[in-house]
Amino acid sequence: MSRYFSQKYASLVPYTPGEQPKDMRYIKLNTNESPFPPSPMAQSLARQAAGDLNLYSDPECRELVALAAQKLGVQPDQILFTNGSDEILNFAFMAYCDQEHPAVFPDITYGFYPVFAKINNVPYVQLPLGEDFSIRIEDYIGLNKTVFIANPNAPTGIALPLADIERIVAGNPDGIVVIDEAYVDFGAQSAVSLISKYDNLLVTQTFSKSRSMAGARLGFGVGNAKLIQDLNTVKYSTNPYNINRMTMAAGIGALADEAYFQKNCRAIMETRAWTMDMLRQRGFTAPESMTNFVFAKHPGVDGKTLYQKLRQKGILVRHFDAPKLTDYNRITIGSQEQMQAFISAVDEILEETL
Ligand code: PMP
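These figures come from a predicted structure and were not determined experimentally.

1. Some words on the side chain of Asn30
Inspection of the secondary structure assignment puts Asn30 in the loop between strand 1 (27–29) and helix 1 (40–50). Looking at Asn30, its side chain comes within polar contact range of the side chain of Lys28, at 3.1 Å. The contacts of Asn30, once residues within four sequence positions are left out, are Gly18, Glu19, Leu316, Val317, Arg318, Arg330 and Thr332.

Below, the structure written as structure tokens:
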């Protein structure tokens, strides 16, 4: 740290992204990326947009917003696109949290929430999950705080039904409820249908997972037009051109190519079922996942050892060194071939260890 670094950030512990090593070619099952390339339509539109990079991008993202609004069945003024969904989540912390409105989220969830709270100098409360990693709905009623819930949750993969989400939104009429749906396209129910009924609901989604665009950085928020106005005030006060031309063009292509999106989501869900079956046959336990990852542990091999041994065999998964998580690994669902290689490596490790 330099002696010039502001005191306000001196104690900040930044978010640690999953590793992206370059020392060898790994099978990457550690950052919940898609194993499939972006839609050919997305790639071709992005290539065309490259020739116009001398010009600023459209700060209103009009074409992209119009298409997304049509797909989601909402109005264009109910959507705001951002640089990944991380940006809309940060905007929500900036817009809706302060000393009078602390943030609240589960103790086991997306690791960026506490970092967003700290950089924005916002107090936060972490509510413990149940023993089985379930979110206890009754803990989230009448809080008068700003609620952040990843649905499905990460790294557990567990999804809440829409009725439970609605109870939480209806149970906090004086506070904003943010539902982070980064993984919703892999079998969970979206809360977007509730935004016209509740003015305190913000739903966020991303193109990083189900639309194979993690490297492009594209996410968005959907909510009441007044909320979107608030979030635009934050956006236009930080980075009006937050979506670059190539990403915007790719996003339009990805939304237009519905068949490709559906096919890839189906493939991930099928491979997830196969992987879960293989893991359970080998003695692993894992909560039922509605995401593109599974969160698994084995009674005979501790989480860190399994992570390290897989790494030596060229397979990266995500291990969290936290007390309630250390037995587990979060394993991204890759292609069927990648998961076969993963299961073969697991077999070798179990044979060596047990
Ligand atoms: N929410 C959750 C629960 C996530 O796991 C992630 C991915 N790390 C994000 C949001 C942010 O993803 P992105 O910024 O790529 O949209």
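From this point on, the discussion continues.
2. A word on the side chain of Thr206
For Thr206, the location among the structural elements is in strand 7 (residues 201–206). Assessed through its relative accessible area of 5%, Thr206 is described here as buried. Within the local environment of Thr206, its side chain forms a polar contact with the backbone nitrogen of Ser208, the two atoms lying 2.9 Å apart. Only 3.4 Å separates the side chain of Thr206 from the backbone oxygen of Leu218, close enough to count as a polar contact. Setting aside residues up to four positions removed in sequence, Thr206 forms contacts with Ser85, Ala182, Leu218 and Gly219.

3. Observations concerning the environment of Lys226
Of note, Lys226 is situated in helix 6 (residues 225–236). Along the sequence, Lys226 and Asn172 sit 54 residues apart, while their C-alpha atoms lie 18 Å from each other.

4. Concerning helix 2 (residues 62–72)
Turning to helix 2, its buried residues are Leu64, Val65, Leu67, Ala68 and Ala69. Among the structural elements, strand 2 (79–82) and helix 7 (245–256) are those in contact with the buried residues of helix 2. Where helix 2 terminates, the next one or two residues include Gly73, which has phi positive at roughly 70 degrees.

5. A few points about the sheet that holds strand 6 (residues 177–180)
The seven strands are arranged 2-8-7-6-5-3-4 in an open sheet whose pairing can be described as mixed. Sheet topology places strand 2 and strand 4 (124–127) at the edges, where each strand pairs with a single neighbour. Each adjacent strand pair in this sheet contributes to an overall mean axis angle of 20 degrees, direction not counted. Two elements, strand 2 and strand 8 (residues 219–223), share four bridges in a ladder whose sense is antiparallel. Among the inter-strand pairings, Thr82 is bridged to a residue of strand 8, identified as Gly219. Running at roughly 165 degrees to strand 4, helix 4 (residues 112–119) makes contact with strand 3 (103–106), strand 4, strand 5 (146–150) and strand 6 of the sheet. Each of strand 2, strand 7 and strand 8 is contacted by helix 6, which is oriented at about 30 degrees to strand 2, the strand it contacts most.

6. Points about the nonpolar core
Membership of the largest hydrophobic core comes to 51 residues, with the highest contact counts inside it found for Phe81 and Leu201. Counting only domains with at least three residues in this core, you end up with domain 1 (7–36 + 259–353) and domain 2 (40–257). Beyond its immediate stretch of four places on either side in the chain, Phe81 contacts Cys61, Leu64, Val65, Ala68, Phe207, Leu218, Gly219, Phe220, Asn242 and Ile243. Among the nonpolar cores identified, the runner-up in size contains 31 residues, and Tyr183, Phe186, Ala345 and Leu350 belong to it.

7. Describing the domain arrangement of the protein
Split into domains, the protein comes out as domain 1 (7–36 + 259–353) and domain 2 (40–257). Here the C-alpha centroids of domain 1 and domain 2 sit 24 Å apart. Surface buried jointly by domain 1 and domain 2 totals about 2,500 Å² across both partners, of which 68% is contributed by carbon and sulfur atoms. Its largest share of buried area at the contact with domain 2, domain 1 owes to Tyr15, Phe261 and Met290, together 26% of the area lost on that side. Applying the counting criterion to the domain 1 and domain 2 interface returns one salt bridge.

8. Some thoughts on the environment of Asn83
When you line up the elements, Asn83 lands in the loop between strand 2 and helix 3 (84–96). Take Asn83: its relative accessible area is 33%, and that puts it in the partly exposed class. Residues Asn83 and Leu218 lie 135 residues apart in sequence; the distance between their C-alpha atoms is 5.0 Å. Those residues in contact with Asn83 that lie beyond four places of it in its chain are Arg217, Asn242 and Ile243. At 3.3 Å, the side chain of Asn83 and the backbone oxygen of Asn242 are in polar contact.

9. So, the site of the ligand
Lining the immediate environment of the ligand, one finds Gly84, Ser85, Asp86, Leu89, Tyr110, Asp180, Ala182, Tyr183, Thr206, Ser208, Lys209 and Arg217. Interatomic distance of 2.6 Å between a side-chain N/O atom of Ser208 and an oxygen atom of the ligand. A distance of 2.7 Å separates an oxygen atom of the ligand from a polar atom in the side chain of Arg217. For the ligand, whose free accessible area comes to 400 Å², the fraction covered by protein is 91%. For the shell around the ligand, the class distribution of residues is four nonpolar, four polar and four charged.

What counts and how
- Residues numbered from 1 in each chain as written.
- Predicted model: local features only at pLDDT ≥ 70, side-chain atom pairs only at ≥ 80, totals over all residues.
- Heavy atoms only, no water.
- Helix = DSSP H or I, 4+ residues; strand = E, 2+ residues; numbered from the N terminus.
- Polar contact = N/O pair within 3.5 Å; in protein donor to acceptor, adjacent residues only side chain to side chain.
- Contact = heavy atoms within 4.5 Å.
- Buried < 20%, exposed > 50% of the residue type's maximum accessible area, 1.4 Å probe, protein only.
- Pairing = 2+ DSSP bridges.
- Axes fitted to C-alpha atoms, helices over the stretch in contact; angles between N-to-C directions.
- Core = buried A, V, L, I, M, F, W, Y, C linked by side-chain atoms within 4.5 Å.
- Domains from an automatic or database assignment.
- Buried area = accessible area lost by both parts, 1.4 Å probe.
- Salt bridge = Lys/Arg side-chain N within 4 Å of Asp/Glu carboxyl O.
- Near = heavy atom within 4 Å.
- Areas by Shrake-Rupley, 256 points an atom, 1.4 Å probe, with all protein chains shown as cover.
- Nonpolar A, V, L, I, M, F, W, Y, C, P; charged D, E, K, R; others polar.

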